[in-house]
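As a plain string of letters, each chain reads:
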Amino acid sequence: MKLRHLPHYTYENYARWQGDWELIEGIPYAMASPTGIHRVVVFWLQRLLAKEPEKNPCDCEVVSEIDWVISEDTVLRPDVAILCEEGEEYIRETPLLVAEVVSKSTKKHYEGLKFEKYEEAGVPYHLLLYPETKSWKVYRNTQEGFVAMEGLEFQIRDYRLELDLKKVWR
């Protein structure tokens, strides 16, 4: 049920906004500026993931901070994603892995609304990183939705990816 008195924005509106935003079912969400530790974790995770395909080549690439236009009224910006599509100004296809760096201020949003959107969109693997405690949670998408995984091993296309997050917690 849509509320008649609330505005409902689309990607066309979103594309004209200044600043950092996400759009979820027509509702804008301001994104906080990333902290120093957030930027460092994103950098090292992207670097770690980018090295792995060299061992097991595929047509995938690792990107960070790029908009993913899921639908006309939903645009998310994952911290890090693995894609197997041609380079564009934004993500069009469902990433094979999405990673988010979670802080106390973003925990509710990342573990709630964005988690549900990634699950609905069919993201095969979703990784949540918690730099303050140097911990993580990882999920695999099944017919029943996201299911927690024990380890950091992923099947990305034709290769197996195994992460050692000690390299990220610098």
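These lines cover the structure that appears in this document, whether it is placed above or below. Each chain has its residues counted from 1, following the order in which its sequence is written. Restriction of local features to residues with pLDDT of at least 70 applies here, the model being predicted, together with a cutoff of 80 or more for giving and counting side-chain atom pairs; totals for whole chains, interfaces and linings are based on all residues. To get the side-chain values, all heavy atoms of the structure are used, and hydrogens and water are removed first.

**Focus on helix 4 (residues 113-121)**
No. 1: Of all the positions in helix 4, only K114, F115, K117 and Y118 are classed as buried. Seen from one end, helix 4 has its buried residues packed into an arc of 165°, which puts them on one side.
No. 2: By definition, any uninterrupted DSSP run of H or I lasting at least four residues is a helix, any uninterrupted run of E lasting at least two residues is a strand, and each is numbered from the N terminus. Phi turns positive, to about 85°, at G122, one or two residues after helix 4. Working definition: with a 1.4 Å probe on protein chains only, accessible area under 20% of the residue-type maximum means buried, over 50% means exposed, and in between means partly exposed. Here the arc refers to the directions that run from the helix axis out to each C-beta atom.

**Regarding the nonpolar core**
No. 1: Nonpolar cores were defined as sets of buried Ala, Val, Leu, Ile, Met, Phe, Trp, Tyr and Cys residues, with membership established by side-chain atoms within 4.5 Å. If you look at the biggest cluster of nonpolar residues, it comprises 29 residues, and the most contacted ones within it are L45, L49, F154, I156 and L163.
No. 2: Contributing elements (two or more residues each) for this core: helix 2 (36-55), strand 6 (80-83), strand 7 (97-101), strand 8 (125-130), strand 11 (153-156) and strand 12 (159-162).
No. 3: With six residues, the top contributor of residues to this core is helix 2.
No. 4: The contact criterion used is simple: two residues touch if any of their non-hydrogen atoms lie within 4.5 Å. Once you skip the residues sitting within four places of it in the chain, F154 turns out to touch L97, Y125, V138, M149, Y159, R160, L161 and L163.
No. 5: Counting 17 residues, the second-largest nonpolar core is a separate cluster that includes W68, L76, I91 and F146.

**Some thoughts on unusual backbone geometry**
Trans peptide bonds make up most of the peptide bonds, and negative phi angles are found at most residues other than glycine.
No. 1: For E25, which is not a glycine, the phi torsion comes out positive at approximately 50°.
No. 2: A residue is classified by how much of its surface remains accessible, and E25, at 44% relative accessible area, is partly exposed.
No. 3: The backbone phi angle of E65 is positive, close to 55°, even though this residue is not glycine.
No. 4: Structurally, E65 can be placed in the loop between strand 3 (61-64) and strand 4 (68-71).
No. 5: E65 sits in the partly exposed class, given a relative accessible area of 35%.

**A look at the sheet that holds strand 9 (residues 135-142)**
No. 1: Here six strands make up an open sheet; going across it, the order is 3-6-7-8-9-10 and the pairing mixed. Here the strands that pair on one side only, and so sit at the sheet edges, are strand 3 and strand 10 (145-148). Here the strands of the sheet are splayed against their neighbours by 20° on average, with no regard to which way each runs.
No. 2: In this analysis, strands are considered paired if DSSP registers two or more bridges between them. Taken together, the four bridges between strand 9 and strand 10 define a ladder with antiparallel strand orientation. Along strand 10, the bridge assignment pairs Y139 with A148. Interaxial angles span 0 to 180 degrees and are taken between N-to-C directions of axes, which are lines fitted to C-alpha atoms, for helices over the stretch in contact.

**Digging into the state of the cysteines**
No. 1: A pair of cysteine sulfur atoms is labelled a disulfide when the two atoms are within 2.5 Å. Under the criterion given, the structure shown has one disulfide.
No. 2: The disulfide bridge from C60 ends at C84, spanning 1.8 Å between sulfur atoms. Every disulfide takes its handedness from the sign of the S-S torsion; for C60 and C84 that torsion is 75°, giving right-handed. Of this pair, C60 sits in the loop between helix 2 and strand 3 while C84 is found in the loop between strand 6 and strand 7, placing the two residues 24 residues apart along the sequence. Exposure class is identical for C60 and C84. Each is buried.

**Some thoughts on the pairing of strand 8**
No. 1: Among the six residues in strand 8, six count as buried, and that is most of the element.
No. 2: The alternating pattern of strand 8 places Y125, L127 and L129 and H126, L128 and Y130 on opposite faces, both of which are buried.
No. 3: In this sheet, strand 8 lies alongside strand 7 in parallel orientation, the contact comprising five bridges. In the strand pairing of strand 8, A99 is matched with L127.

**Details of the pairing of strand 1 (residues 21-24)**
No. 1: Pairing of strand 1 with strand 2 (residues 27-30) involves four bridges; the strand directions are antiparallel. Counterpart to I24 in the pairing with strand 2 is I27.
No. 2: The antiparallel hairpin formed by strand 1 and strand 2 contains two residues in its connecting segment, where E25 sits at a positive phi of about 50°.

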